[in-house]
Amino acid sequence: MDTKIWEIETGQLDTVETSEKMEEIKTAFEYGEVIGIPTETVYGLAGDARNHEAIQKIFAAKNRPGDNPLIVHIYDVAQLSEFTEPLDVKVETLMEHFWPGPISFILPLKGNMLASNAVAELDSVAVRMPSHPVGRALLREVGFPLAAPSANLSGKPSPTDYSHVIDDLNGKVYGVVASEPATYGLESTVLDCTRFPYRIARPGSITQDDLEGVLEEVVGRHESAGNQPIAPGMKYKHYAPHQPLVVIEGGLRNNTHLQIEEGQKMGVIAPETTREYVPEGAEFISLCSTEQAYREAARNLYAALRKMDKSDVDIIYIQGFPKNAETEALMNRIYKATGNEIIKGESS
Ligand code: TXA
Ligand code: MG
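Because the structure is a prediction, the values reported are computed rather than measured. (Residues numbered from 1 in each chain as written. Chains lettered and ligands numbered in written order. Predicted model: local features only at pLDDT ≥ 70, side-chain atom pairs only at ≥ 80, totals over all residues. Heavy atoms only, no water.)

This part takes up the side chain of T84. Note that T84 resides in the loop between β4 (71–73) and α3 (89–98). By relative accessible area, T84 is classed as buried at 2%. (Helix = DSSP H or I, 4+ residues; strand = E, 2+ residues; numbered from the N terminus. Buried < 20%, exposed > 50% of the residue type's maximum accessible area, 1.4 Å probe, protein only.)

What follows covers the packing of helix α1 (residues 16–30) against helix α4 (residues 133–142). Packing of α1 against α4 leaves a shortest axis separation of 9 Å and a crossing angle of 60 degrees. As summarised for this structure, α1 and α4 are arranged oblique, according to the angle between their axes. You can see that α1 and α4 cross each other, and the crossing is right-handed. On the side of α1, the interface is formed by M22, E23, I25, K26 and F29, while α4 contributes V134, A137, L138, E141 and V142. For the contact of α1 with α4, the per-class residue count stands at seven nonpolar, no polar and three charged. (Axes fitted to C-alpha atoms, helices over the stretch in contact; angles between N-to-C directions. Parallel < 35°, antiparallel > 145°, perpendicular 65-115°, else oblique. Left-handed = near helix turned anticlockwise from the far one by under 90°. Contact = heavy atoms within 4.5 Å. Nonpolar A, V, L, I, M, F, W, Y, C, P; charged D, E, K, R; others polar.)

Here strand β9 (residues 189–192) shows no split at all, with T189 and L191 on one side and V190 and D192 on the other all buried. Pairing analysis gives four bridges linking strand β5 (residues 103–108) to β9, with the strands arranged parallel. The residue bridging I103 from the neighbouring strand is T189, located in β9. Once β9 ends, the chain turns through six residues before running back antiparallel as strand β10 (residues 199–202). (Pairing = 2+ DSSP bridges.)

Taking the UniProt record as the reference, the feature "domain: YrdC-like" (unreviewed entry) is found at residues 19–206. Between the C-alpha atoms that bound residues 19–206 the distance is 33 Å, and the span itself is 27% helix and 19% strand. (UniProt positions renumbered as here; feature names shortened; annotations may be inferred.)

Once that is clear, we can look at the layout of surface pockets. Quantified by volume, the second largest pocket comes out at close to 730 Å³. What lines the second largest pocket is a set of 41 residues, and nearest its centre among them are R64, N68, P69, I71 and R202. Taken together, the elements giving at least two residues each to the lining of the second largest pocket come down to β4, β6 (124–128) and β9. The element contributing the most residues to the lining of the second largest pocket is β6, with four residues. The class makeup of the residues in the lining of the second largest pocket is 20 nonpolar, 14 polar and seven charged. (1 Å grid on protein atoms, 1.4 Å probe; cavity = no way out; pocket = protein on both sides within 12 Å on 5 of 7 lines; lining within 4 Å. Points joined across faces, edges and corners; volume = space filled by probe spheres on them.)

Time to look at the side chain of R333. Following the sequence through the fold, R333 ends up in helix α8 (residues 328–338). When neighbours within four sequence positions are excluded, R333 is seen to be in contact with L186, E187, S188, R202, P203, G204, Y239, L301 and Y302.

This structure, assessed with the given rule, holds 14 salt bridges. Across the pair K4 and E24 runs a salt bridge whose closest N-O atoms are separated by 3.5 Å. Separated by 20 residues along the polypeptide, K4 in strand β1 (residues 4–7) and E24 in helix α1 bring together distant segments of the chain. Here E33 and K57 are joined by a salt bridge, their closest N and O atoms 3.6 Å apart. With a gap of 24 residues between them, E33 in the loop between α1 and β2 (35–37) and K57 in helix α2 (residues 52–62) connect regions that are remote in the sequence. (Salt bridge = Lys/Arg side-chain N within 4 Å of Asp/Glu carboxyl O.)

Attention now goes to the sheet that holds β10. Spatial strand order, β1-β8-β2-β3-β7-β4-β6-β5-β9-β10: ten strands in an open sheet with mixed pairing. Edge positions in the open sheet fall to β1 and β10, since each of these has one partner strand only. Of the strands in this sheet, β1, β3 (44–48) and β8 (175–178) touch helix α5 (residues 162–169), which is tilted by about 165 degrees from β8.

A word on the pairing of strand β11 (residues 245–248). Residues of β11 alternate between two faces, with L245 and V247 on one and V246 and I248 on the opposite face, all of them buried. Inspection of the sheet shows β11 paired to strand β14 (residues 315–319) by four bridges, in the parallel sense. Residue pairing in the sheet places I248 in a bridge with Q319 of β14.

Further remarks concern the domain arrangement of the protein chain. Per the domain assignment, the segments making up the protein chain are domain 1 (4–221) and domain 2 (245–345). Of note, the centres of domain 1 and domain 2, computed from C-alpha atoms alone, are 29 Å apart. At the junction of the two partners, domain 1 supplies 23 residues and domain 2 supplies 15 residues. For the domain 1 and domain 2 pair, buried surface summed over both sides reaches about 1,500 Å², with 54% attributable to carbon and sulfur atoms. Of all residues in domain 1, P157, L186 and P203 give up the largest surface area on contact with domain 2, accounting jointly for 38% of the area buried on that side. (Domains from an automatic or database assignment. Buried area = accessible area lost by both parts, 1.4 Å probe.)

What follows concerns the packing of aromatic side chains. The full count for this structure, using the stated rule, is four aromatic pairs. Centroid distance F196 to Y198: 5.1 Å. Interplanar angle 85 degrees. Geometry classified as edge-to-face. Considering the side-chain rings of Y294 and F321, the 5.9 Å spacing of their centres and the 90 degrees angle between planes classify their relative orientation as edge-to-face. With a gap of 27 residues between them, Y294 in helix α7 (residues 294–310) and F321 in the loop between β14 and α8 connect regions that are remote in the sequence. (Phe/Tyr/Trp six-rings, centres within 6.5 Å; stacked < 30°, edge-to-face > 60°.)

Encoded structure:
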């Protein structure tokens, strides 16, 4: 099967060509097809959340374990009344503040409108209203909720550009909407609101501080009960290139003696300002302009990992960043990708 590509950029939303493409895409979703769509976090692989077969196609194309539930994407909060219990006023407040945007809320599921495999047979559902103008326009056009995990092969870094979706899923999915790259570059914050205080099941660009800036003490302190993952997806190895990946804690600046075996080639992913510390002969990918450019690092991380994955390097070193609220999601993804191989910096 040849995968169709529809080019729709934000600046073209009001054209006749785009409305024709939108109609075609809507029809494909109605027929149970699955399509890669842009969001501001990462590209998603979307299908009708009410259609069991469409959801099966998503799991099959990604080779995703069936016990890992999908996120359901909506255009309008009013859509939720069809498949979730009435919203708590605190949840409503957070939605008003952060939606459309990079946060998903896990809510108690109601009724059987959603396909049971979309939520991995759970009695809760994660929902999100994305802000990417093209993703949003698609959700409005389609009118029903779209279940969409990240549009990568399971285990690979999430796609932040449509070309990544094609690299992973060409021939395996009906189509891809080619639009602008994701502006955040990391998957949404997932907030479990099925019990109070709420819990962050997956860190993302919206932090605990951001949430508590709106509603005080709404998020429970991290529990010390081992590292039991809350989001089923967090227990799998993720985001990983095929080569060994090692984090340099404290950064390149403090680790100028990277080890490598004879005849092997090294890759280094680090901020532009540390280029001078990269060993000779290493393949360097600039992650961001400075060591404090965390947002830029988040936006570029998956593309950098994908590029190294395709290269001929035998081992990859990646810059670690200081731990703070702003870097939590970034470091969470970097550590997941390494399977926890770390080099300690001399001064940190
Ligand atoms: O930014 C994003 O969230 C992207 C875009 C496409 O919206 N989507 C995404 O989906 O990252 P996915 O499937 O790659 O990750 C969804 C995460 C998984 O860790 C999954 O286990 C968790 O959300 N999740 C979904 N529904 C859940 C539920 N009912 N209870 C607990 N965790 C849930
Ligand atoms: Mg994913």
